[in-house]
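Summary of the model geometry
Below, each chain spelled out in residue letters.
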Amino acid sequence: MTKRRALPAPTLVLLLPWLVTAAVFWLYPLVYAAVLSFTKHSTLASTYEWVGVANYTNLLSSDRFWLALSNTTIFTVGTVPVTTALAIALALGVRGQSPRVASLLRSSYFLPSITSLVVIALIFTNLYARDGVINALLSMVGMAGPERGWLLDTSTALPAIMAMDIWISTGYYMVLVLAGMENIPKDLYETARLAGATAWQQFARITLPLLRPTLVFILVLNSIKSFQVFVEIYVMTKGGPLGATTTLVYELYHQAFEQSDMMGQASALAYIIFVILLVFSGIQMHVLRNKTS
Amino acid sequence: MDSIVRTTKLHRIIVGVLLAIVAIGMAYPMVWMLLLSLRAVPEQYGSLADLMFAPTTTSNYTDALGSDDFGRYMLNSVIVGTIVTAGNVLFCFLVGYAFARRAFAFKALLFATVLGVLIIPPHVVMIPMYKLMATLGWINTYWALIVPWLVTPFGVFLVRQYVASLPAELEDAARIDGAGEWYILFGIVMPLARPVLTVLAIYVFLSNWNSFLFPFLFTNDEAHRTLPVGLAFYVGKQSIDWGHLMAGASISALPILALFMMFQRRIIEGLTAGALKE
């Protein structure tokens with residue numbers, strides 16, 4: 001090796017990209033949003049007026065906020081457990097197949113999670129339309145779907161988007177469940193089989209309990225994601241019809257960027273969402289700590 | 001005993017058929033997208049049959065790429081995606097290495113900022129980020145689509161964990177031989193960290209390619225829109241011409257589909273790494 005003495009690499013230089021990015025693009029905006037949430041800010045006149053907690057109290061007393069919170073909660077509670085249950089069922093099935101078939105299935109199930117949400121939302125807008133495939137299939141078996149299409153009916157719009165979300169994410173979580181199952185020692189099943197345990201008993205007594213950390217992690221991760229649902233809503237329904245699909249983040253976007261004087265209140269909403277998500281993250285950290293100890 | 005073997009075999013086949021049906025259900029919407037993109041869809045179609053039996057055409061693609069700016073969106077997506085990916089590989093490596101190997105003041109605190117930023121939901125900072133970009137004059141420029149995303153906390157975390165798990169002896173030996181720190185960094189550690197940097201590159205490129213929120217907020221002219229943003233606006237522009245729309249959607253989805261076909265295992269590894277590395 002040549003005894004070439006290159007310039008030293010000071011630690012500060014190595015860290016600099018992160019220090020700048022964190023300070024300018026994350027921490028400053030976070031503080032700015034907090035300050036903004038206590039002001040009335042007009043985008044057009046670019047004036048700031050200190051209003052104390054008025055943005056928060058206005059928000060908490062507005063029907064829109066509670067509608068958005070309830071839609072978001074329905075979305076999360078309605079999708080996360082279903083996705084998780086399906087992910088477990090598919091993982092169990094895939095695991096029993098030969099390695100080649102298993103890998104093929106795994107790839108096919110994973111595909112939706114790498115596809116652009118905008119693309120998927122557009123495809124499903126077509127499938128859910130009045131003359132779409134889903135209504136056509138229903139009429140073939142003698143049933144009638146919503147007359148104006150699934151996304152234009154207040155009672156079916158949100159469930160339709162939820163079903164799509166389950167379709168998108170099940171494969172991703174199945175891969176995580178499969179990875180969790182890999183970590184369960186094989187000889188546990190061997191012993192159980194020798195003791196005469198049925199497949200169901202093996203699942204209930206071995207797989208499920210040992211999968212618990214993975215499952216809790218998946219539930220939290222998916223809840224955090226679902227609670228921020230936005231792109232699908234923006235592309236498919238713009239929060240409608242009549243607010244039936246207005247979620248928290250959609251309402252945040254609407255107030256911040258489609259109104260001229262509500263950025264302050266929108267920032268308050270952003271912080272309320274942040275606090276709710278921090279609770280989810282807190283649960284996650286708690287569980288992970290238990291997992292490692 | 002023999003009958004048990006037979007029933008489990010039968011059982012396995014039944015489950016296999018069910019799983020195959022699910023697989024078809026997973027693939028079906030993509031297939032539908034491709035089918036529609038190749039149909040000359042009548043402007044006012046009354047039923048599904050009108051759509052199914054419309055003549056086959058490739059004009060949707062030529063229209064989308066030619067007159068509808070999808071060529072431009074694609075170029076933007078490629079430019080932004082490539083630079084952001086390269087930036088993450090370089091900068092996350094430098095920062096991750098520093099956290100793994102160097103000793104410095106406030107190290108624990110600074111590493112806490114990495115983990116802290118990781119849990120900041122992007123929606124919380126979208127208003128101030130928009131105002132910041134406006135102040136900098138970066139709206140409708142590549143700067144807004146590139147600079148804030150050149151180093152991501154997830155990447156720093158991933159590289160730090162990986163480098164910390166590498167033995168330090170090689171670096172020490174090189175140092176004794178008189179190698180400079182930059183040489184150790186790029187000549188010794190970087191090649192060793194290739195697996196994690198590959199996973200990171202795949203993860204960053206895919207999420208950047210599909211990223212919607214910030215490119216959507218930071219651009220409002222055709223010239224700087226990326227594929228997902230251009231596609232989302234396209235819906236409003238047309239009186240829903242499904243053939244055109246699905247050609248645009250296919251143009252957005254096919255490069256990723258091709259990448260996925262080639263690097264399935266690496267991609268699945270990369271996209272689940274965030275969850276599994278914890």
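Calculation rules
- Residues numbered from 1 in each chain as written.
- Chains lettered and ligands numbered in written order.
- Predicted model: local features only at pLDDT ≥ 70, side-chain atom pairs only at ≥ 80, totals over all residues.
- Heavy atoms only, no water.
- Helix = DSSP H or I, 4+ residues; strand = E, 2+ residues; numbered from the N terminus.
- Rg over C-alpha atoms; globule rule 2.2 N^0.38 Å.
- Buried < 20%, exposed > 50% of the residue type's maximum accessible area, 1.4 Å probe, protein only.
- Areas by Shrake-Rupley, 256 points an atom, 1.4 Å probe, with all protein chains shown as cover.
- Contact = heavy atoms within 4.5 Å.
- Axes fitted to C-alpha atoms, helices over the stretch in contact; angles between N-to-C directions.
- Parallel < 35°, antiparallel > 145°, perpendicular 65-115°, else oblique.
- Nonpolar A, V, L, I, M, F, W, Y, C, P; charged D, E, K, R; others polar.
- pLDDT = per-residue confidence, 0-100.
- Domains from an automatic or database assignment.
- Buried area = accessible area lost by both parts, 1.4 Å probe.
- Salt bridge = Lys/Arg side-chain N within 4 Å of Asp/Glu carboxyl O.
- Polar contact = N/O pair within 3.5 Å; in protein donor to acceptor, adjacent residues only side chain to side chain.
- Phe/Tyr/Trp six-rings, centres within 6.5 Å; stacked < 30°, edge-to-face > 60°.
- Lys NZ or Arg CZ within 6 Å of the ring centre and 35° of its normal.
- Core = buried A, V, L, I, M, F, W, Y, C linked by side-chain atoms within 4.5 Å.
- Patch = residues over 30% accessible without salt bridge, like charges linked within 9 Å, V, L, I, M, F, W, Y side chains within 5 Å.

1. Here's the deal with the overall build of chain A
- Looking only at helices and strands, one finds twelve helices and two strands in chain A.
- Rg of the C-alpha trace for chain A: 24 Å, well past the compact-globule value of 19 Å for 293 residues, more than 25% over.
- When its C-alpha atoms are laid out on the principal axes, chain A stretches across 80 × 75 × 40 Å.
- Within chain A, the proportion of its 293 residues that are buried is 54%.
- Put simply, chain A shows about 13,600 Å² of open surface, and 67% of that area lies on carbon and sulfur atoms.

2. Concerning the overall build of chain B
- When its secondary structure is counted, chain B shows 15 helices and zero strands.
- Counting the 278 residues in chain B, one finds 51% classified as buried.
- Once local pairs closer than 6 in sequence are excluded, the contacts in chain B between residues at least 24 apart make up 72%.
- Carbon and sulfur atoms provide 69% of the accessible area of chain B, an area that totals close to 12,400 Å².

3. Quick word on the packing of helix α10 (residues 181–192) of chain B against helix α11 (residues 194–210) of chain B
Residue and element names in this part refer to chain B.
- Axis separation between α10 and α11 bottoms out at 5 Å; the angle between their running directions is 70°. As summarised for this structure, α10 and α11 are arranged roughly perpendicular, according to the angle between their axes. Across the interface between the two elements, M190, P191 and L192 of α10 pack against R194, P195 and L197 of α11.
- Across the contact of α10 with α11, the residue classes tally to five nonpolar, no polar and one charged.

4. Examining the confidence of the model for chain B
- Of the residues in chain B, 90% reach a pLDDT of 70 or more, and the chain-wide mean stands at 86.
- Predicted complex metrics record ipTM = 0.87 and pTM = 0.89.

5. Let's talk about the domain arrangement of chain B
All names here are of chain B.
- Here the domain parsing of chain B yields domain 1 (1–57) and domain 2 (62–276).
- One C-alpha centre belongs to domain 1, the other to domain 2; they are set 34 Å apart.
- Between domain 1 and domain 2, the residue contacts involve seven residues of the former and eight residues of the latter.
- Note on domain 1 versus domain 2: buried area summed over both sides is about 690 Å², and carbon and sulfur give 74% of it.
- Ranking the residues of domain 1 by area buried against domain 2 places M33, L36 and S37 at the top, with a combined share of 54%.
- At the surface where domain 1 touches domain 2, the tally comes to zero salt bridges.
- At the junction of domain 1 with domain 2, the criterion picks out zero residue pairs in polar contact (both at pLDDT 80 or more).
- Along the lines of polarity and charge, the residues of the side of domain 1 that touches domain 2 split into five nonpolar, one polar and one charged.

6. Some words on the pattern of salt bridges
All names here are of chain B.
- Here the structure, examined in full by the defined rule, presents nine salt bridges over all chains.
- Between D172 and R175 there is a salt bridge; the shortest N-O distance is 3.3 Å. In this pair, D172 and R175 both sit in helix α9 (residues 169–176), three residues apart, roughly one turn of the helix.
- Assessed through its relative accessible area of 32%, R175 is described here as partly exposed.
- Connected through salt bridges with shared partners, the residues R102, D172, R175 and E181 form a single ionic network.

7. Some thoughts on the packing of aromatic side chains
- Taken as a whole, this structure holds 39 aromatic pairs over all chains when the rule is applied.
- Summarising the aromatic geometry, the rings of F65 of chain A and W66 of chain A are spaced 5.0 Å apart at their centres and angled 80° between planes, so their arrangement reads as edge-to-face.
- Its relative accessible area of 4% is what places F65 of chain A among the buried residues.
- For the pair Y234 of chain A and Y253 of chain A, a centre-to-centre distance of 5.6 Å together with 85° between the ring planes defines the contact as edge-to-face. Of this pair, Y234 of chain A sits in helix α10 (residues 231–236) while Y253 of chain A sits in helix α11 (residues 248–257), placing them 19 residues apart in sequence. In this pair, the class of Y234 of chain A matches that of Y253 of chain A, namely buried.
- An aromatic cluster is present here, built from F230, Y234, Y250, Y253 and F257 of chain A together with Y130, F212, F216 and F233 of chain B joined pairwise through their rings.
- For K238 of chain A, the ring lying beneath its charged end belongs to Y234 of chain A, and the centroid distance is 4.1 Å.
- Directly above the ring of F111 of chain B sits R160 of chain B, whose terminal nitrogen or CZ lies 4.8 Å from the centroid.

8. Considering the environment of A102 of chain A
Residues and elements named next belong to chain A.
- Assignment of secondary structure puts A102 in helix α4 (residues 99–114).
- Looking at A102, the relative accessible area reads 15%, which means it is buried.
- In the structure, A102 is positioned eleven residues away from A91 in sequence and 9.4 Å away in space, judged by C-alpha atoms.
- Setting aside its immediate chain neighbours within four residues, A102 contacts V94 and Q97.

9. Looking at the nonpolar core
- Within the largest apolar cluster, 182 residues are counted, with the highest numbers of intra-cluster contacts made by F230 of chain A together with F218 of chain B.
- A per-element tally of this core places helix α7 (residues 157–182) of chain A first, with 15 residues.
- Split by domain, the residues of this core number at least three in each of domain 1 (1–57) and domain 2 (62–276) of chain B.
- Excluding anything up to four places from it in sequence, F230 of chain A contacts V249, Y250 and Y253 of chain A together with H123, F212, L213 and F216 of chain B.

10. Describing a nonpolar patch on the surface
- There is a patch of nonpolar side chains on the surface, built from L10, I13, I14, V17, L18 and I21 of chain B and spanning about 580 Å² of accessible area.
- Assignment of secondary structure puts I14 of chain B in helix α1 (residues 2–37).

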